[in-house]
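Chain and residue survey
Each chain, written out:
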Amino acid sequence: MAAAVLRPRSARGLWLPRAGPGISALAAAPSALQQHRHVHHAVIPHGRSGRSSVSGIVATVFGATGFLGRYVVNRLGRVGSQVIIPYRCDQYDLMYLRPMGDLGQLLFLEWDCKDKDSIRRAVEHSSVVINLVGKEWETKNFSFEDEFVNIPKNIAQITREAGVEKLIHISHLNASLKSPSKYLRNKAVGEKAVREEFPDAIIMKPAEMFGREDRFLNHYANMRWFGGVPLISMGKKTAKQPVYVVDVAKAIINAIKDPDAKGKTYALAGPNRYLLHDLVEYVYAVSFRTFFPYPLPRPLYHLVARFFELSPFEPWLTRDKVDRFHITDMTFPDLPGLEDLGIQPTPLEQKAIEVLRRHRRYRWLDAELEEAKPAKTYNM
């Protein structure tokens with residue numbers, strides 16, 4: 001019987017027999033490799049879990065250079081996903097993202113958010129698109145309507161046309177058309193626009209997020225430089241339910257894996273609810289700083305914020321931020337939350353030290369967290 005001649009398959013490192021008179025009909029049948037020739041090897045899950053494995057997820061993350069974006073990219077990278085990162089910033093602003101994935105798994109793509117062809121190039125090879133685009137203040141080039149309505153609408157439209165399986169859009173827990181905050185009003189309009197363009201979109205509504213780089217706990221901790229903490233009505237008419245940023249990133253990853261998440265809206269909030277006054281008091285207790293609150297009427301607070309808005313750089317305070325931080329967080333008992341995605345919400349008291357240790361004096365740098373009294377919780 002004639003011996004089978006072997007030929008190398010360099011792409012996979014496999015050896016396949018060449019058909020000949022001595023090969024049986026069973027051996028000549030199409031192999032498993034040939035049956036899957038239309039599926040690229042890079043998207044077939046394989047390898048051990050970790051950054052060097054392949055999860056089969058190809059995700060485009062818009063807004064990856066933001067506060068939440070770095071945690072989402074890290075979570076995608078650590079399970080072996082391929083991540084496409086469209087960016088509009090300087091190359092140096094991307095450096096901290098590069099170690100988050102294995103070699104070749106993070107692809108950086110310069111894009112123009114107002115150019116639909118640029119968006120199409122970013123999503124055409126992806127199985128998941130995540131929209132995290134947003135900013136806390138308006139500029140002469142981008143208004144809140146551009147950031148939260150027009151850009152998400154274009155992304156949703158092109159994602160649907162490209163045949164992408166899932167779209168995840170980040171909104172806000174307090175997004176409402178009746179909100180006094182222009183930021184939150186446009187967030188609500190953006191939700192509807194995305195839902196109209198991509199009916200199966202997954203919408204996440206997180207509360208104010210806290211973490212190492214946040215603009216919530218750090219914002220109030222830095223107010224000590226102004227002789228105290230100005231609060232409307234002393235912060236006793238505002239209830240907040242902040243959520244840990246890592247929990248939100250985990251929720252996004254779990255929603256990608258959950259086939260039943262399509263078309264749902266998730267309300268993401270922390271386990272505890274606090275009066276704003278008590279929350280800021282706890283921030284200063286953990287920081288071992290003197291807490292000196294004083295009431296400031298809204299018109300006067302807006303006047304002070306208007307002064308900061310004149311800065312040519314990032315404004316530390318805006319009138320819209322004043323309104324947004326003094327809005328009581330909504331509750332949505334009918335919407336699924338973190339628990340429905342298999343995540344146990346992290347209490348603020350457990351992670352506050354990671355954020356606030358930098359605000360301590362040297363004398364108290366290594367003080368135990370237990371020395372600060374826990375924040376008073378507020379019944380929902």
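Going by the structure above, here's the rest.
Predicted model, so just to flag it, every value in this text is computed and none were measured. (Residues numbered from 1 in each chain as written. Predicted model: local features only at pLDDT ≥ 70, side-chain atom pairs only at ≥ 80, totals over all residues. Heavy atoms only, no water.)

Brief notes about the packing of aromatic side chains
Here the structure, examined in full by the defined rule, presents 16 aromatic pairs. Taking 5.8 Å as the distance between ring centres and 80 degrees as the angle between the ring planes, the aromatic pair formed by Phe 226 and Phe 308 counts as edge-to-face. Placement of Phe 226 in the loop between α7 (217–221) and β10 (229–231) and of Phe 308 in helix α10 (residues 298–309) is noted, with a sequence separation of 82 residues between them. Assessed through its relative accessible area of 19%, Phe 308 is described here as buried. (Phe/Tyr/Trp six-rings, centres within 6.5 Å; stacked < 30°, edge-to-face > 60°. Helix = DSSP H or I, 4+ residues; strand = E, 2+ residues; numbered from the N terminus. Buried < 20%, exposed > 50% of the residue type's maximum accessible area, 1.4 Å probe, protein only.)

Thoughts on the pattern of salt bridges
Applying the stated rule across the entire model yields 15 salt bridges. Measuring nitrogen to oxygen at the nearest pair gives 2.7 Å for the salt bridge that ties Asp 323 to Arg 298. Of the two residues, Asp 323 is situated in helix α11 (residues 319–325) and Arg 298 in helix α10; the sequence distance between them amounts to 25 residues. Assessed through its relative accessible area of 9%, Asp 323 is described here as buried. The residue Arg 306 makes a salt bridge to Glu 309 at a minimum N-O spacing of 3.5 Å. (Salt bridge = Lys/Arg side-chain N within 4 Å of Asp/Glu carboxyl O.)

Some words on helix α4 (residues 116–123)
Listed as buried for α4 are Ser 118, Ile 119, Ala 122 and Val 123. Along the axis of α4, the buried residues cluster in a sector spanning 125 degrees; they form a single face. Looking at the buried residues of α4, the elements they touch are β3 (58–62), β4 (82–87), β5 (106–110), β6 (128–131) and α5 (144–161). Taking the backbone nitrogen of Asp 117 as reference, a side-chain oxygen 3.2 Å away marks Asp 115 as the first, capping residue of α4. (Arc of directions from axis to C-beta. Contact = heavy atoms within 4.5 Å. Polar contact = N/O pair within 3.5 Å; in protein donor to acceptor, adjacent residues only side chain to side chain.)

With respect to the sheet that holds strand β8 (residues 202–206)
Pairing in this open sheet of 7 strands is parallel, and the strands run β5-β4-β3-β6-β7-β8-β13 from one edge to the other. Looking along the sheet, the strands with just one partner apiece sit at the ends: β5 and β13 (265–268). Sheet twist, expressed as the average angle between the axes of neighbouring strands with direction ignored, equals 20 degrees. As paired elements, β3 and β4 share 3 bridges and run parallel to each other. Each bridged residue has a counterpart across the sheet, and for Thr 60 the counterpart in β4 is Ile 84. Contacts between helix α8 (residues 245–257) and the sheet are confined to β6, β7 (166–170), β8 and β13, with β7 contributing the most and set at about 160 degrees to the helix. (Pairing = 2+ DSSP bridges. Axes fitted to C-alpha atoms, helices over the stretch in contact; angles between N-to-C directions.)

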